[in-house]
2 protein chains.
Amino acid sequence: MSASPIYLGVIGVGGVGTAFLSQLARLPNAPKLVLLARSSQTLLAPTPAYSPAIPAADWTTASAGASLTKTGALPADEIAAYLASAPGRAILVDNTSDINLARQYPTFLKKGISIVTPNKKGFSDDLSLWKDIFASASEGKALVYHESTVGAGLPVLSTLKDLVATGDEVTRIEGVFSGTLSFLFNTFAPASGSSDAKWSDVVAQAKELGYTEPDPRDDLNGMDVARKLTILARLAGLEVSRPDSFPIESLIPSELTTLPSSADGIAEFMKRLPEFDSQMTSIKENAEKEGKVVRYVGSIDVASKDVKVGLQSFSKDSAIAGLKGSDNIISFYTKRYGSNPLIVQGAGAGGEVTAMGVLSDLIKVVQRLQ
Amino acid sequence: MSASPIYLGVIGVGGVGTAFLSQLARLPNAPKLVLLARSSQTLLAPTPAYSPAIPAADWTTASAGASLTKTGALPADEIAAYLASAPGRAILVDNTSDINLARQYPTFLKKGISIVTPNKKGFSDDLSLWKDIFASASEGKALVYHESTVGAGLPVLSTLKDLVATGDEVTRIEGVFSGTLSFLFNTFAPASGSSDAKWSDVVAQAKELGYTEPDPRDDLNGMDVARKLTILARLAGLEVSRPDSFPIESLIPSELTTLPSSADGIAEFMKRLPEFDSQMTSIKENAEKEGKVVRYVGSIDVASKDVKVGLQSFSKDSAIAGLKGSDNIISFYTKRYGSNPLIVQGAGAGGEVTAMGVLSDLIKVVQRLQ
């Protein structure tokens, strides 16, 4: 509760990283930003004073001046050593999606450096890394907050943690966890009105709008959803060994999986996708015959330990069918909440809302460390 | 972050209080329960050791033994003095709905005792009390958590606080905030299918099921919803002076407001309510002519400072219209979330879920005090 100084290192200045720095710059009583790393350069507040701090809004200007230390990319253990030597508690914000950096979290945590991150890679990889992260946090008396790894800024993980911590029994978690796949199916098979759009046209439109990854197969393979499900299932108490250790229905036609991920390969994929439109149309029409719409969902049945990702049909008046745009929806079924689940819904992707989840975690970590 | 002992006082053993104590009893590393007060009796861990603690699950048995101190009801300042003298940080959990106790929060907070409560009365009364509570918390370096004052255990206030703290601009908050009124309208005017039930029959059924207050007029007057809106509006930055300082549409026919709140008065109210069924039927039918259903909602428009509580019509495919049972739904419209709001939905009343919100707040306060 005493206001001891807290030192902040930030890695990554992509979409989320840039939004985060701009939100951080407007935060009253923000921790001191003493390290800012991107792939090619690292800015540091000079030792031993760890001062002056890096201006979060103006780091590009400041990096041109003489008051900060500049180096190339630093290895994680050097960043950890720098932060651990600061004259107060330190926090690392990882705004990358780099699995190799995530593998170094235990190094930071054991040195007492708390981690705040939207990077889902580390928490959804081998179960051994998950265990190592939390054991290291305990050893270093450091904190790990990663709300934005699922549903961006939506209160998904905090809600699940509260349910579990207070002794509720979570029986089932179900939802739409990918903004991209939400958009594709809300457009391809809307719950109200109808659409004649071909599947391949909807994918092309989403790619055009920047809603998909550069290679749409990185969304269509379901792995992003599987990683989020892995995190939720682990927080609900299931020991999921890997993000590919349960059934994942890929929406990539098997004939097109082997095309390279080069620009040519992607172009070839988009060109050949229309060959498979009739398959998706028939899936859509089969659902419609039952008065339903098809959606790409993830679900966790806690009792049977059944985790899966794929297509499912939902009645048109269900909350999942009624989703708009690229929104996520997550339903928690628990003993206390009974037959009607606790539902969280809203934008689950985008730089600003993801950064908001990161900043909100950072505020909570600062409150706990002070 | 050090595990200093934390001392807990709890007031109230009604529905929420009992559920809370049973959840607390199963919490690992729970703070030491040293005071348990109900209207007629107070149990205390003997001074000066503040030991043995009161067994949360078994307090009735323990109160018959000789190891605890027993007194009658204690005034708030004596409870505050007892907790403030404990050899560590102290937390008061107020599980009552007593405005007089809420008026004493500043006394506790100034002495460094944190407050956790589902009691909405203090936070929705005069603005001067709201300001006094938070100024006193700041003065005493104590914390105030009151998630369950709105939407019970649903993550409503925490979400709003996160949006505000990270610099998002909340433009509008809208929702169904009363489980009782949710049930009444979901039954009277369902979005799918139809119902011929008369309004007075639906009210009688809800009363029978225990979904209303003993006097249903305490739900129908809209004041419970107005108090919740007052709290949300204040957290969103509006200086609402009183919970009755904005328009509240009462569902009590004006001819029946003056009936006494005695058992006879309530019986007379229920007997005469059918005289007004045609009014409610015509409201319902007017909405149906537009393909809509009527719901009792609260809304806050932040820019225009417009707060109101009352009936509104919603298209049948909207999330509000599709609500089930006695669920609450709360939509946050913000600058970052754009046209699709962040939505939280689920049971917003009931002993277990309310107690869960209180316990979850308690866990967070303990984490911050340690």
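Residues numbered from 1 in each chain as written. Chains lettered and ligands numbered in written order. Predicted model: local features only at pLDDT ≥ 70, side-chain atom pairs only at ≥ 80, totals over all residues. Heavy atoms only, no water.

### Some words on the side chain of Asn186(A)
Residue and element names in this part refer to chain A. Which entries qualify depends on this criterion: A run of DSSP states H or I qualifies as a helix once it reaches four residues; a run of E qualifies as a strand once it reaches two. Both are numbered from the N-terminal end. Throughout this description, buried means an accessible area under 20% of the type-specific maximum (1.4 Å probe, protein chains only), exposed means over 50%, and partly exposed covers the range between. Note on contacts: a residue pair qualifies if any of its non-hydrogen atoms lie within 4.5 Å across the two residues.
Note on placement: Asn-186 falls in helix α8 (residues 179-188). Owing to a relative accessible area of 11%, Asn-186 belongs among the buried residues under this scheme. Residues within four places of Asn-186 in sequence aside, it is in contact with Arg-295, Leu-323, Lys-324 and Gly-325.

### Topic: the domain arrangement of chain A
Residue and element names in this part refer to chain A. Using the following cut-off: Note that domain bounds follow an automatic or database assignment of domains. Joining two parts hides part of their accessible area as seen by a 1.4 Å probe, and the buried area is that hidden amount summed over both. Any carboxyl oxygen of Asp or Glu that lies within 4 Å of a side-chain nitrogen of Lys or Arg is treated as forming a salt bridge with it. Residues are grouped as follows: Ala, Val, Leu, Ile, Met, Phe, Trp, Tyr, Cys and Pro are nonpolar; Asp, Glu, Lys and Arg are charged; every other residue, Gly included, is polar.
Domain parsing of chain A yields domain 1 (6-152 + 352-369) and domain 2 (156-349). Between domain 1 and domain 2, the contact holds 18 residues from the first and 22 residues from the second. Summing both sides of the interface, domain 1 and domain 2 together bury roughly 1,700 Å²; the carbon and sulfur share of this comes to 58%. The shortest N-O distance in the salt bridge between Asp-224 and Lys-120 comes to 3.0 Å. Residue composition of the side of domain 1 that touches domain 2, by class: 7 nonpolar, 5 polar and 6 charged.

### Some details on the environment of Ile99(A)
Residues and elements named next belong to chain A. Within the element layout of this structure, Ile-99 appears in helix α4 (residues 99-102). With 21 residues separating them along the chain, Ile-99 and Lys-120 place their C-alpha atoms 8.5 Å apart. When sequence neighbours within four positions are dropped, the list of residues in contact with Ile-99 reads Lys-121, Gly-122 and Asp-125.

### Regarding the pattern of salt bridges
Residue and element names in this part refer to chain A. According to the stated counting rule, one finds 26 salt bridges over all chains in the structure shown. For Asp-125, the salt bridge identified is with Arg-227, shortest N-O distance 3.9 Å. Of this pair, Asp-125 sits in the loop between β6 (114-116) and α6 (127-140) while Arg-227 sits in helix α11 (residues 223-235), placing them 102 residues apart in sequence. Looking at Asp-125, the relative accessible area reads 7%, which means it is buried. Note that Asp-244 is salt-bridged to Arg-242, the shortest N-O span being 3.4 Å. The exposure class of Asp-244 is partly exposed, given its relative accessible area of 47%. Residue classification places Arg-242 among the partly exposed residues on the basis of a relative accessible area of 27%. Taken together, the shared-partner salt bridges connect Arg-103, Asp-125, Asp-126, Arg-227, Arg-242 and Asp-244 into one network.

### Details of the confidence of the model for chain A
What counts, and what does not: Think of pLDDT as the predictor's per-residue confidence, scored from 0 to 100.
Overall, the prediction assigns chain A a mean pLDDT of 95, with 99% of residues at 70 or greater. As a predicted assembly, this complex carries a pTM of 0.96 together with an ipTM value of 0.95.

### Side note on the interface of chain B and chain A
Here is the rule we go by: Here a polar contact is taken to be a pair of N or O atoms separated by no more than 3.5 Å, where protein atoms must pair a possible hydrogen donor with a possible acceptor and residues adjacent in sequence count only if both atoms sit in side chains. Think of it this way: DSSP has to see at least two bridges between two strands before they count as a pair.
Taken together, the contact pairs 41 residues of chain B with 41 residues of chain A. In total, about 3,300 Å² of surface goes out of reach between chain B and chain A, with carbon and sulfur atoms giving 57% of it. In this structure, the connection of chain B to chain A is made through 4 salt bridges. Along the contact surface separating chain B from chain A lie 7 residue pairs in polar contact (both at pLDDT 80 or more). Of all the secondary structure elements, the ones that give two or more residues to the side of chain B that touches chain A are α7 (157-165), β12 (342-347) and α14 (351-369) of chain B. The leading source of residues in the side of chain B that touches chain A is α14(B), at 10 residues. Class assignment of the residues belonging to the side of chain B that touches chain A gives a composition of 19 nonpolar, 11 polar and 11 charged. In this sheet, β12(B) lies alongside strand β12 (residues 342-347) of chain A in antiparallel orientation, the contact comprising 3 bridges. Paired with Gln345(A) across the two strands is Ile343(B), which belongs to β12(B).

### Re the pairing of strand β2 (residues 32-37) of chain A
Consecutive side chains along a regular strand alternate between the two faces of the sheet. Residue and element names in this part refer to chain A. Selection criterion: Crossovers are described as right-handed under a simple rule: with the strands pointing away from the observer, the path leading from the first strand over the helix to the second runs clockwise.
Here β2 lies mainly inside the structure; 5 of its 6 residues are buried. Where strand β1 (residues 6-11) lies against β2, 5 bridges are found, and the strand directions are parallel. The residue bridging Gly-9 from the neighbouring strand is Leu-35, located in β2. A crossover connection joins β1 to the parallel β2 through helix α1 (residues 15-25); in handedness this β-α-β unit is right-handed. Across 3 bridges, the pairing between β2 and strand β3 (residues 42-44) is antiparallel.

### What to know about the sheet that holds strand β8 (residues 170-176) of chain B
Sheet strands associate in pairs through backbone hydrogen bonding, adopting either a parallel or an antiparallel arrangement. Put simply, the test is: Axis lines are fitted through C-alpha atoms, for helices just across the contact stretch, and the angle between N-to-C directions can take any value from 0 to 180 degrees.
Spatially, β10(A)-β9(A)-β8(A)-β11(A)-β12(A)-β12(B)-β11(B)-β8(B)-β9(B)-β10(B) is the arrangement adopted by the 10 strands of the open sheet, whose pairing is antiparallel. Two strands in the sheet have a free side with no partner beyond their single neighbour: β10 (306-315) of chain A together with β10 (306-315) of chain B. Pairwise comparison of adjacent strand axes, ignoring direction, gives a mean angle of 20° for this sheet. Relative to β12(B), strand β11 (residues 327-334) of chain B runs antiparallel, the two being bridged by 6 bridges. Looking at β12(B), one finds that Phe332(B) is bridged to Leu342(B).

### Quick word on the UniProt feature "active site" (unreviewed entry) in chain A
Residues and elements named next belong to chain A. Basically, it comes down to this: UniProt positions are given in the numbering used here, feature names are shortened, and annotations may be inferred rather than shown by experiment.
Annotation from UniProt places "active site" (unreviewed entry) at Lys-228. Those residues in contact with Lys-228 that sit more than four places away from it in its chain are Lys-120, Thr-149, Val-150, Phe-177 and Ser-178. Here the side chain of Lys-228 touches Asp-224 through a polar contact of 3.0 Å, side chain to side chain.

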